[in-house]
Amino acid sequence: MRLTDSQISFFHDNGYLRLENVLDEDDLRPVIDEYSAIIDERARRLHSEGKISSLCANEPFTRRLLCLAKEAPEVVAGLDIMQARGKSTFNFLKNPKILDVAESLVGSEIVCNPIQHIRAVLPPRETGREPTHWHQDAGVCWPDADPYFMLTIWIPIVDVTLENGCLEVMPGSHKSGLRKHVTPGASIPPEERPAIEPKPLPVAAGGVILFHNYTLHSARPNETDTVRWSFDLRYHDAYQPTGRPFYPAFLMRSKQRPDALQTDYKTWCERWEFALEAGKSAKRYRW
Ligand SMILES: O=C(O)CCC(=O)C(=O)O
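Residues numbered from 1 in each chain as written. Predicted model: local features only at pLDDT ≥ 70, side-chain atom pairs only at ≥ 80, totals over all residues.

(A) Quick look at the environment of leucine 261. By the element assignment, leucine 261 lies in the loop between β10 (250-253) and α8 (265-278). Sequence separation between leucine 261 and leucine 251 is ten residues, and the spatial gap between their C-alpha atoms is 5.2 Å. With sequence-adjacent residues up to four places away left out, leucine 261 is seen in contact with Leu251, Met252 and Ser254. (Helix = DSSP H or I, 4+ residues; strand = E, 2+ residues; numbered from the N terminus. Contact = placed C-beta atoms within 7 Å.)

Quick look at the structure:
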């Protein structure tokens, strides 16, 4: 799917774009199955260790992790893309439909940035963890990436609604530079935010939300009894810094250097394994 001229203009004017029906069941099912298997394996281990009384085996994907976390909160740890390193997840990063969308804004030389996550967002009342605060993605990069455009593709793998913690953006906020972020969590405090009405962006599974690395965004709280599962992936031109030099980036599409593509699963696993160990003491945030 290539973006139309009017979609590209909307993105440049507003700093975000919501697209419906980009992906279908065949695109999403492999990652849902992969994470279902990871969770099942964890449930069986926790059960054999006597840490949970039920496998919650009859719960659907949207509820099973929450059901398990009620008894064993540690079940949610280490699920992120680079930690779990599933093959279907790796394939998802280079899904041609996702790269086509990226190419419309990034150009033909596309790197998959190491700032990439799968998020299983549980209701805050279960975890004590607040929803994502207002920030700009440029704010979680090193300053060497400041002059460059980076595209975030936010991809729900379940339907995401006002109630279960959809994303919110401040339209047009990408035009006024980098705001001061504060620790912990590199968030923008209220006094540093522009006076722009936030726009909530519910989106059904299969849709995606694109945003600019200077767009202010946050997430609404998950007020349901389900898990809000989503990916946030980042892509940019190959000839620019990633903003996290201690983590690996991968050339996923290239007209100029097709021989240099880094699309081998085993290499991806090895480079992440090495980087997570070697980069342990790296300073992620500038703030
Ligand atoms: O999914 C979320 O809760 C937040 C996502 C986000 O902040 C991002 O993609 O940069």
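After that view of the structure, there is still more to cover.
(B) Quick look at the pairing of strand β9 (residues 228-237). Taking burial as the measure, the ten residues of β9 include nine buried ones, the bulk of the element. Examined bridge by bridge, strand β2 (residues 110-112) and β9 share three bridges and lie antiparallel to one another. Paired with valine 111 across the bridge in β9 is histidine 236. Across five bridges, the pairing between strand β3 (residues 117-121) and β9 is antiparallel. Bridge pairing in β9 places arginine 119 opposite serine 230. (Buried ≥ 20, exposed ≤ 12 C-beta atoms within 10 Å, placed from the backbone. Pairing = 2+ DSSP bridges.)

(C) Molecular detail of the sheet that holds strand β6 (residues 199-201). Reading across the sheet, the three strands line up as β6-β5-β8 and stay open at both edges, with antiparallel pairing between neighbours. Of all strands in the sheet, those with a lone pairing partner are β6 and β8 (217-219), marking the two edges. Going from strand to strand, the sheet's axes swing by 30° on average, the running direction of each strand aside. Both strand β5 (residues 167-169) and β8 contribute to a ladder of three bridges, which runs antiparallel. Of the residues in β8, the one forming a bridge with glutamate 168 is serine 218. (Axes fitted to C-alpha atoms, helices over the stretch in contact; angles between N-to-C directions.)

(D) Spatial organisation of the environment of aspartate 264. Tracing the backbone shows aspartate 264 in the loop between β10 and α8. Of the residues examined, aspartate 264 has 12 C-beta atoms within 10 Å and is grouped as exposed.

(E) Broad picture of the pairing of strand β4 (residues 151-156). For β4, the buried fraction is high: six of the six residues fall into the buried class. Where burial is concerned, the two faces of β4 agree: the one with Leu151, Ile153 and Ile155 and the one with Thr152, Trp154 and Pro156 are both buried. Relative to strand β7 (residues 208-212), β4 runs antiparallel, the two sharing four bridges. Paired with tryptophan 154 across the two strands is isoleucine 209, which belongs to β7. Judged from the six bridges that link them, β4 and β9 form a sheet pairing that is antiparallel. Its bridge partner lying in β9, leucine 151 is registered against tyrosine 235.

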